[in-house]
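Here is what each chain is made of, one letter per residue.
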Amino acid sequence: PPKLIGVYSDPRRDNRRRTVSAVFAVHLTGDVEPHAGDDVKEVVKIPIQDIEHHAYFSDHRTILLDYRRHLWGEAYQTSTEGDFAADIFRSTCSSSG
């Protein structure tokens, strides 16, 4: 079943309009190929350990790092260093339960 990772709603995350994203994780089998929908240009698979080495729109790097912390069972970061804004408030779901 889908697992809620977090809800992201900083008003500065998209200058075009106010957006709120509820982020869920789903694990797919190796033969499933995700494809771009109407809200993205393309889907690119990258190794989870290489997140920092790619460019992302808005707070997508923050979301992916939060997902990786969840996946690896690490504590969520409270610092905003490296995030798209220095004063964001992070509210994520714990990896337990």
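Counting of residues starts from 1 at the beginning of each chain's written sequence and follows it residue by residue. In view of the model being predicted, local features appear only for residues whose pLDDT reaches at least 70, and side-chain atom pairs are presented and counted only at 80 or more, with totals across whole chains, interfaces and linings using the full set of residues. Derived side-chain values reflect all non-hydrogen atoms in the structure, with water molecules and hydrogen atoms excluded from consideration.

**A short note on the overall build of the protein**
And then number 1: Strands are runs of DSSP state E lasting at least 2 residues, helices are runs of H or I lasting at least 4, and numbering of each runs from the N terminus. Helix and strand counts for the protein come out as 1 helix and 2 strands.
And then number 2: The order of helices and strands in the protein, counted from the N terminus, is β-β-α.
And then number 3: Remark: exposure states derive from per-residue accessible area (1.4 Å probe, protein chains only) relative to the maximum for the residue type, with buried under 20%, exposed over 50%, and partly exposed in between. Counting across all 97 residues of the protein, residues that qualify as buried make up 27%.
And then number 4: Two residues form a contact once any of their heavy atoms are found within 4.5 Å. Taking the contacts inside the protein whose residues are at least 6 apart along the sequence as the reference set, 41% of them involve residues at least 24 apart.
And then number 5: Every accessible area reported is derived by Shrake-Rupley at a probe size of 1.4 Å, with residue values counting cover from the shown protein chains alone. With the model as given, the accessible surface of the protein reaches about 7100 Å², and the carbon-plus-sulfur share is 54%.

**Some points on the layout of surface pockets**
Any space left empty among the atoms is revealed by the rolling of a water-sized probe across them.
And then number 1: Cavity: a set of points on a 1 Å grid over the protein atoms alone where a 1.4 Å probe fits but cannot get out. Pocket: an open set with protein on both sides within 12 Å along at least five of seven lines, its lining residues, like those of a cavity, having an atom within 4 Å of a point. Grid points are joined across faces, edges and corners, and a volume is the space filled by probe spheres set on the points. The volume enclosed by the largest pocket comes to roughly 2000 Å³.
And then number 2: Contributions of two or more residues to the lining of the largest pocket are made by strand S2 (21–25) and helix H1 (60–72).
And then number 3: For the lining of the largest pocket, a count of residues per class yields 22 nonpolar, 7 polar and 9 charged. As a working rule, the residues Ala, Val, Leu, Ile, Met, Phe, Trp, Tyr, Cys and Pro are called nonpolar, Asp, Glu, Lys and Arg charged, and the rest polar, with Gly in that last group.

**Focus on the pattern of salt bridges**
And then number 1: Think of a salt bridge as a Lys or Arg side-chain nitrogen and an Asp or Glu carboxyl oxygen that are within 4 Å of each other. For the structure on display, the rule yields 3 salt bridges.
And then number 2: With a shortest N-O distance of 2.5 Å, Arg68 and Glu52 are connected by a salt bridge. Remark: Glu52 occurs in the loop between S2 and H1 and Arg68 occurs in helix H1; sequence separation between them is 16 residues.
And then number 3: Taking relative accessible area as the criterion, Arg68 reaches 11% and is therefore assigned buried.
And then number 4: For the salt bridge of Asp66 with Arg69, the shortest nitrogen-to-oxygen distance reads 3.3 Å. Here Arg69 and Asp66 lie together in helix H1, a separation of 3 residues that amounts to about one turn.

**As for H1**
And then number 1: Helices are assigned an expected span. That span is 1.5 Å times one less than the residue count. With 13 residues, H1 extends 18 Å from end C-alpha to end C-alpha; this agrees with the ideal 18 Å at 1.5 Å per step.
And then number 2: For H1, the full list of buried residues reads Thr62, Ile63, Leu65, Asp66, Tyr67, Arg68, Arg69 and His70.
And then number 3: Against strand S1 (3–8) and S2 lie the buried residues of H1.
And then number 4: Just downstream of H1 lies Gly73, where phi reads positive at about 70°.

**Some details on the confidence of the model for the protein**
And then number 1: Known as pLDDT, the predictor's per-residue confidence is scaled from 0 to 100. Scored by pLDDT, the protein comes out at a mean of 78, with 76% of its residues at no less than 70.
And then number 2: Looking across the protein, the model is least confident in H1, with a mean pLDDT of 85, and most confident in S2, with 89.

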